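# Residue-level structural notes
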Amino acid sequence: MDVQQTSISDDRSAAAPAPAREPAASPNPAQPHRFRPDVEGLRAVAVLAVLGYHAGIARLGGGYVGVDVFFVISGFLITGMLVREAERRGTVSAASFYARRAKRLLPLTVPVLVAVVVASWWVLSPVGGKSVFVDVITAGLYVVNWRLAGQSVDYSALGADASPVQHFWSLAVEEQFYLVWPVVVIAVVLWCRYRHVALRPRLVVALGTLAAASFAYAVAQVADAAGAAYFSTLTRGWELAAGGLLALVPPAAFARVRRFATPAAVLGLAAIAIATVGYSDDTPFPGTTALLPVLGTVAVIAAGTAVVDTAPGRLLSLPPVRYVGRISYSWYLWHWPAIALVTAWLGDLPSSQLAVVVLLSGIPAAISHHLVEDRLRHARSLARPRRALPLGLACTAVSVLVGVGALVAVPTVPLASPQHAIGAKALKHSDGPQRTARALAPVPDKAVQDDGQAQDDHCLVRQKETRTPGDCVYGDPHGDTTVVLYGDSHALQYFAAMDKIAKHRGWRLIALGKAACTPAQVSTYNYQFKREYSECDDFRDAALKRISAEHPALVVTGNLATESVIEDGHRLTGDASADALRDGYVKTLDELRDTGAKVVVMHDNPRPPDDIPSCVSKSMRDLAKCAFSESTALDFEPVNAEAADAVPGVRLIDVAPMLCRDGTCPAVIGNVLVYRNDAHLTATYVRTLTTWLSHQLPTVT
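Everything numeric here is computed off the predicted structure, so don't read it as measured data.

Attention now goes to the packing of helix α6 (residues 168-195) against helix α8 (residues 233-247). Two elements in contact, α6 and α8, have axes separated by 10 Å at closest approach and are oriented at 70°. Viewed along their axes, α6 and α8 adopt a mutual orientation that is roughly perpendicular. Contacts between α6 and α8 involve W169, V173, E174, Q176, F177 and Y178 on the former and, on the latter, T233, R236, G237, L240 and A241.

Shown next as structure tokens:
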């Protein structure tokens with residue numbers, strides 16, 4: 001299940017009276033500063049879409065658009081509040097603004113983040129917990145979105161890969177936007193006072209410029225790198241600005257469009273519904289596709305501003321709907337940690353059970369809403385900024401300190417000495433999988449970085465790059481025999497052994513690879529970019545030309561056997577994708593053979609079902625818990641073997657016998673951690689395969 005995270009930090013502090021003091025509904029043009037029960041109900045629509053989507057309800061494949069609805073609402077309410085203050089007082093109090101935001105948002109984050117830390121300590125492994133505690137720190141500082149953007153996390157990651165605080169990314173986006181927007185408003189107010197000109201038209205220019213720039217950037221980034229774009233403040237700012245621009249429309253203007261209010265509200269809700277039902281995990285987002293829910297939300301809010309008593313407005317104002325909207329912020333904060341931690345604890349759950357988890361998370365949501373959120377928001381003692389701001393700072397400090405304390409307290413695994421970390425050598429003398437360990441190499445929390453010198457030197461070029469790496473010559477740089485290690489990360493993971501072999505045999509070794517880029521001559525789908533991986537096609541062409549120019553004696557190549565192939569703009573699945581990948585690999589192997597080189601294909605390694613370092617970090621006394629079935633680990637089409645068999649003279653090397661014995665693949669062999677994640681071998685273990693691999697390779701001169 002894809003879990004594009006969403007945020008719903010509502011801003012009812014921007015609405016003047018509390019619900020008990022609501023004005024009676026009237027068909028007259030609504031005052032923009034009145035309490036908006038329809039907006040409160042609109043939050044319910046959005047949060048239910050989000051909750052249903054995270055529960056895996058198939059019909060709500062685009063439920064993540066709820067975040068866009070909340071961004072628009074927030075922009076509308078906050079901008080309206082700032083403008084009314086500026087028009088009433090001739091200035092804006094930044095201290096008052098940030099004090100309101102602090103007491104509105106920060107107190108509720110403390111119990112949620114503390115609960116996440118406590119639950120993670122018991123449910124997650126030390127490796128998983130350490131990552132979560134760093135996330136908690138960045139969530140408490142409202143910068144977690146940049147951490148996620150940098151990682152370009154997989155939206156569909158659950159279990160050990162799903163951070164219980166990923167959902168704080170959108171709160172961070174809002175808070176970062178509101179660090180800038182009040183300052184802009186204050187600057188425009190001062191300029192307008194100095195020039196004696198109207199405020200709203202100048203704010204429209206300022207906010208419109210920001211919105212246009214953000215939207216253009218979003219469109220470009222989604223086409224370029226959708227994974228990172230999803231979490232960026234720069235790609236989301238235009239959605240908040242859309243609500244802000246609506247708030248700048250003069251109240252009198254709504255009177256002239258009253259007759260369009262009901263159709264606008266109906267069409268607006270329909271637009272949100274169409275996006276919720278019609279979008280999916282494959283929809284490039286945000287960008288032009290975000291226009292549908294954003295403009296739909298604008299239409300609903302605008303209709304309610306023009307006319308109070310429309311049919312959609314009455315529906316959204318029903319007491320049960322409004323109550324869900326009222327607790328939406330709290331429910332949002334609690335529901336995702338519940339899903340992530342229960343999934344990490346029990347494994348993947350069907351949508352029916354996830355729905356139960358989501359519903360149960362409403363209990364702490366309702367309790368914390370009434371005892372924390374409402375109580376502090378309406379506390380008279382916190383009415384002044386000098387008291388509310390320290391409260392906000394204290395909440396931030398508590399969240400960060402709890403995360404830091406947990407991070408420091410995480411138990412660590414000792415590093416095994418070279419004498420004890422023998423790796424594959426242990427297979428000669430063992431009578432079964434290693435059952436316990438006191439120390440390991442690499443240590444589990446550093447395993448992900450144990451990818452070898454070639455990757456440290458960026459010889460596995462990043463996904464955005466298309467040129468072949470330059471200074472990536474190893475072994476004996478002046479050797480007369482050139483050998484090329486070419487492919488994706490599943491090929492370059494063997495560099496640690498190949499480099500030692502090259503030095504011993506006097507080979508000039510060239511490492512030539514690109515992340516997630518198959519050597520097979522096919523176009524593939526990139527899950528981070530959410531589009532065709534054109535950079536891979538360009539790199540492959542350049543790599544094959546360079547290999548031909550090097551006149552190698554030997555080419556060793558490897559490939560992830562489960563890449564998703566694109567043909568005629570459509571993604572292939574199952575056997576069709578595997579067949580296309582095999583045929584494309586045959587073309588590449590033929591081309592490599594035509595260079596006169598001997599060609600070796602590495603069979604794709606068995607893949608564990610879980611993140612091995614996380615499992616091992618909590619199972620040092622019972623490593624059997626982390627072992628897995630060889631048949632399960634090799635449950636994919638043998639693309640590499642079939643391609644090698646189809647090209648005369650190509651040799652296939654199968655590493656599985658050095659990873660699995662008697663149908664079982666242990667996580668630790670000879671005190672060496674075998675896998676650095678759920679797909680790749682550690683460089684430390686590969687280094688212990690040097691002698692074995694040397695015997696498998698052909699003799700070349």
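The strands that make up a sheet pair up through hydrogen bonds in the backbone, lying either parallel or antiparallel. Pairing within the open sheet is antiparallel, and its four strands lie in the order β6-β5-β8-β9. On the outer flanks of this sheet lie β6 (531-532) and β9 (570-571), each paired with one strand and no other. Judged from the two bridges that link them, strand β5 (residues 523-526) and strand β8 (residues 565-567) form a sheet pairing that is antiparallel. Looking at the pairing, S523 lines up with I566 of β8.

Our next topic: empty space enclosed by the protein. In this approach, a probe sized like a water molecule rolls over the atoms, and the result shows the empty space that is left. Enumeration over the complete set of coordinates arrives at four cavities of 30 Å³ or more. In this structure, the largest cavity spans a volume of roughly 70 Å³. As for the largest cavity, its lining consists of P126, V127, K130, V410, P411, T412, V413, V443, P444, D445 and S617. No other element matches helix α4 (residues 126-140), which puts three residues into the lining of the largest cavity. Of the residues that constitute the lining of the largest cavity, the class distribution is seven nonpolar, two polar and two charged.

This paragraph deals with helix α14 (residues 328-346). In this model, α14 (19 residues) spans 26 Å end to end at C-alpha, consistent with the 27 Å of a helix rising 1.5 Å per residue. With respect to burial, α14 is a largely interior element, 14 of its 19 residues being buried. Following α14 by one or two positions, G347 adopts a phi angle in the positive range, close to 90°.

What follows is about helix α24 (residues 639-646). Where α24 is concerned, the buried positions are V639, N640, A641, A643 and A644. Looking at the buried side of α24, the elements it contacts are α21 (574-593), β10 (598-602) and β12 (651-653).

Along the chain, the position of A344 falls in helix α14. For A344, a relative accessible area of 25% puts it in the partly exposed group. Residues A344 and L124, spaced 220 residues apart in sequence, show a C-alpha to C-alpha distance of 7.0 Å.

Before going further, it helps to examine the side chain of Q493. Summarising the element assignment, Q493 is placed in the loop between α18 (489-492) and α19 (495-505). A relative accessible area of 3% means that Q493 is categorised as buried. Looking at Q493, its side chain comes within polar contact range of the side chain of N605, at 2.9 Å. Look past the residues within four positions of Q493 in its chain and what remains in contact with it is N605, H680, L681 and V686.

What follows deals with the pattern of salt bridges. For the structure shown, the criterion picks out 27 salt bridges. We note a salt bridge from E40 to R326, for which the minimum N-O separation is 3.4 Å. Of this pair, E40 sits in helix α1 (residues 37-54) while R326 sits in helix α13 (residues 319-326), placing them 286 residues apart in sequence. Here E40 matches R326 in class, with each residue buried. As a salt-bridge pair, R508 and E550 come within 3.0 Å of each other at their nearest N and O atoms.

Time to look at the environment of S351. On the secondary structure map, S351 appears in helix α15 (residues 351-377). Accessibility expressed as a relative area gives 34% for S351, which makes it partly exposed. Once the C-alpha coordinates of S351 and H54 are considered, the two residues, 297 residues apart in sequence, prove to be 8.8 Å apart. Ignoring any residue separated from it by four or fewer positions in sequence, one finds S351 in contact with A55, G56 and I57.

Inspection of every chain in the model, using the stated rule, returns four disulfides. The disulfide bridge from C459 ends at C472, spanning 2.0 Å between sulfur atoms. Judged by the sign of its S-S torsion, about -100°, the bond between C459 and C472 is left-handed. Residue C459 is found in the loop between α17 (453-456) and β1 (460-461), and its partner C472 is found in the loop between β1 and β2 (473-475); the two are separated by 13 residues along the sequence. Each member of the pair, C459 as well as C472, carries the same accessibility label: buried. Through a disulfide, C615 is tied to C626; the S-S separation comes to 2.1 Å. Sign of the S-S torsion, about -95° for the bond between C615 and C626, identifies this disulfide as left-handed. Of this pair, C615 sits in helix α22 (residues 612-617) while C626 sits in the loop between α22 and β11 (628-629); the two residues are eleven residues apart in sequence, bridging distant segments of the chain. With respect to class, C615 is no different from C626; both count as buried.

Conventions used here
Per chain, residues are indexed from 1 in the order of the written sequence. Owing to the predicted nature of the model, reporting of local features is limited to residues with pLDDT of at least 70; listing and counting of side-chain atom pairs is limited to 80 or more, with chain, interface and lining totals taken over all residues. To get the side-chain values, all heavy atoms of the structure are used, and hydrogens and water are removed first. Where helices are involved, their axes are fitted lines through C-alpha atoms of the stretch in contact, as for all axes, and angles between N-to-C directions lie from 0 to 180°. Helix and strand definitions here come from DSSP, where helices need a minimum of 4 consecutive H or I residues and strands a minimum of 2 consecutive E residues; each element is numbered from the N-terminal end. Any angle from 65 to 115 degrees is called roughly perpendicular, while one under 35 is roughly parallel, one over 145 is roughly antiparallel, and all others are oblique. Contacts between residues were defined by any pair of non-hydrogen atoms, one from each residue, lying within 4.5 Å. For two strands to count as paired, DSSP must find a minimum of two bridges between them. Both cavities and pockets are sets of points on a 1 Å grid over the protein atoms alone; in a cavity a 1.4 Å probe fits but cannot get out, in a pocket the set is open with protein on both sides within 12 Å along at least five of seven lines, and lining residues sit with an atom within 4 Å of a point. Grid points are joined across faces, edges and corners, and a volume is the space filled by probe spheres set on the points. Amino acids are sorted into nonpolar (Ala, Val, Leu, Ile, Met, Phe, Trp, Tyr, Cys and Pro), charged (Asp, Glu, Lys and Arg) and polar (every other residue, Gly among them). Helix span is expected to be 1.5 Å times the residue number reduced by one. Burial classification: accessible surface area is computed with a 1.4 Å probe over protein chains only, and a residue below 20% of its type maximum counts as buried, one above 50% as exposed, and the rest as partly exposed. Residues adjacent in sequence count toward polar contacts only when both atoms are side-chain atoms; beyond that, a polar contact is any pair of N or O atoms within 3.5 Å, and within protein one must be able to donate a hydrogen and the other to accept it. Salt bridges are counted wherever a side-chain nitrogen of Lys or Arg sits within 4 Å of a carboxyl oxygen of Asp or Glu. Count a disulfide wherever a pair of cysteine sulfur atoms falls within 2.5 Å.

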